[in-house]
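Observations on the model geometry
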Amino acid sequence: MTDEGNGIIRLRSSDGKVFELTESAAEISELLKDSPREEDDEVTEIDIVRVASQCLEKVVEFMKHYDEEKMKEIPTPLGGSTFNEVMDQPWYQDFVSDEKMDRDMLFNMLSAANFLGIKPLLDLTCLKVTFQITGKNAEEIRELLRLPELTPEEEAKAREEHSWIFEEA
């Protein structure tokens, strides 16, 4: 690299689509930060075989925006009773809004953030899921998370071992 952080990173999705971002924007990802680069190369190409293009496009959008406007750290305890109370930055609210991101994409983003080691994106998607399951009963959570139905024996064992899960809100 000529100047630290000025190189270009090209990410190739599992279905072959390529997305570009600056090295400085890519630094948020532990996987990309630790990827080998040639000293004199201005462009580095990295295959991201576990992430499809539709999802990787959103991940790159997040990384580019984060490079311009850092996301505030999500407090623990949360300090709010709704997603928008906890995440008060409009761009990040909008990024994971129900209108912009369906359930499947949200979970794909969560998985991609985990794989790529992008803590702020992982935190944001986990926060969104947290508020999606808050106040739901066990059956509603099972449906949201698309978990298989338990056999009567499995349910009886789960109710015995984890009775708090089955309590009505």
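Residues numbered from 1 in each chain as written. Predicted model: local features only at pLDDT ≥ 70, side-chain atom pairs only at ≥ 80, totals over all residues. Heavy atoms only, no water.

Considering the packing of helix α3 (residues 53-68) against helix α6 (residues 103-116)
Close contact between α3 and α6 brings their axes to 10 Å; oriented N to C, the two are set at 65°. Here α3 is positioned roughly perpendicular relative to α6, judged by the angle of their axes. In this structure, α3 crosses over α6, and the sense of that crossing is right-handed. For the pair α3 and α6, the contacting residues are Gln 54, Cys 55, Lys 58 and Val 59 in the first and Met 105, Asn 108, Met 109, Ala 112 and Leu 116 in the second. Looking at side-chain class alone, the contact of α3 with α6 contains 6 nonpolar, 2 polar and 1 charged residues. (Axes fitted to C-alpha atoms, helices over the stretch in contact; angles between N-to-C directions. Helix = DSSP H or I, 4+ residues; strand = E, 2+ residues; numbered from the N terminus. Parallel < 35°, antiparallel > 145°, perpendicular 65-115°, else oblique. Left-handed = near helix turned anticlockwise from the far one by under 90°. Contact = heavy atoms within 4.5 Å. Nonpolar A, V, L, I, M, F, W, Y, C, P; charged D, E, K, R; others polar.)

Things to note about the sheet that holds strand β2 (residues 18-22)
Pairing is mixed across the open sheet formed by 3 strands, whose spatial order is β2-β1-β3. At either margin of the open sheet sits one strand with a lone partner, and together these are β2 and β3 (43-47). On average, each strand axis in the sheet is inclined to that of its neighbour by 25°, with strand direction left out of account. Bridging between strand β1 (residues 8-12) and β3 involves 5 bridges; their strand directions are parallel. Bridging across to β3, Leu 11 finds its partner in Ile 46. Docked against the sheet, α3 engages β1 and β2, running at close to 10° with respect to β2. (Pairing = 2+ DSSP bridges.)

Some points on the packing of α3 against helix α7 (residues 119-133)
Between α3 and α7, the shortest axis-to-axis distance is 10 Å and the interhelical angle comes to 115°. Classified by the angle their axes make, α3 and α7 are roughly perpendicular. Both α3 and α7 take part in a crossing whose hand is right-handed. Each of Val 59, Phe 62 and Tyr 66 in α3 lies in contact with α7, whose residues at this interface are Pro 120, Leu 121 and Leu 124. A breakdown of the residues in the contact of α3 with α7 according to their chemical character gives 6 nonpolar, no polar and no charged.

Observations concerning the nonpolar core
Within the largest apolar cluster, 39 residues are counted, with the highest numbers of intra-cluster contacts made by Leu 11, Val 59, Phe 62 and Leu 124. Those elements that place two or more of their residues in this core are β1, β2, α1 (23-26), α3, α4 (83-86), α5 (90-95), α6 and α7. A per-element tally of this core places α3 first, with 7 residues. The residues touching Val 59, leaving out its near neighbours within four places in the chain, are Met 109, Ala 112, Leu 116, Ile 118 and Leu 121. (Core = buried A, V, L, I, M, F, W, Y, C linked by side-chain atoms within 4.5 Å. Buried < 20%, exposed > 50% of the residue type's maximum accessible area, 1.4 Å probe, protein only.)

Re unusual backbone geometry
Each neighbour pair has its own omega, and for Thr 76 with Pro 77 the value is -5°, a cis peptide bond. Along the chain, Pro 77 falls in the loop between α3 and α4. One non-glycine residue, Arg 146, adopts positive backbone phi at about 55°. You can see Arg 146 is positioned in the loop between α8 (138-144) and α9 (152-161).

Describing the packing of aromatic side chains
The final tally for this structure, using the stated rule, is 6 aromatic pairs. With a centroid separation of 6.4 Å and 50° between ring planes, the pair formed by Phe 62 and Trp 91 is classed as tilted. Taken together, the residues Phe 62 in helix α3 and Trp 91 in helix α5 connect sequence positions 29 residues apart. Taking relative accessible area as the criterion, Phe 62 reaches 0% and is therefore assigned buried. Look at Trp 91 and Tyr 92: their rings are 5.0 Å apart centre to centre, the planes differ by 85°, and that puts the pair in the edge-to-face class. For Trp 91, a relative accessible area of 24% corresponds to the partly exposed category. Given a relative accessible area of 0%, Tyr 92 falls into the buried group. Through a chain of ring-to-ring contacts, three or more aromatic side chains come together here, namely Phe 62, Tyr 66, Trp 91, Tyr 92 and Phe 95. Across from the ring centre of Phe 83, 5.1 Å away, lies the NZ or CZ of Lys 128, which sits over that ring. (Phe/Tyr/Trp six-rings, centres within 6.5 Å; stacked < 30°, edge-to-face > 60°. Lys NZ or Arg CZ within 6 Å of the ring centre and 35° of its normal.)

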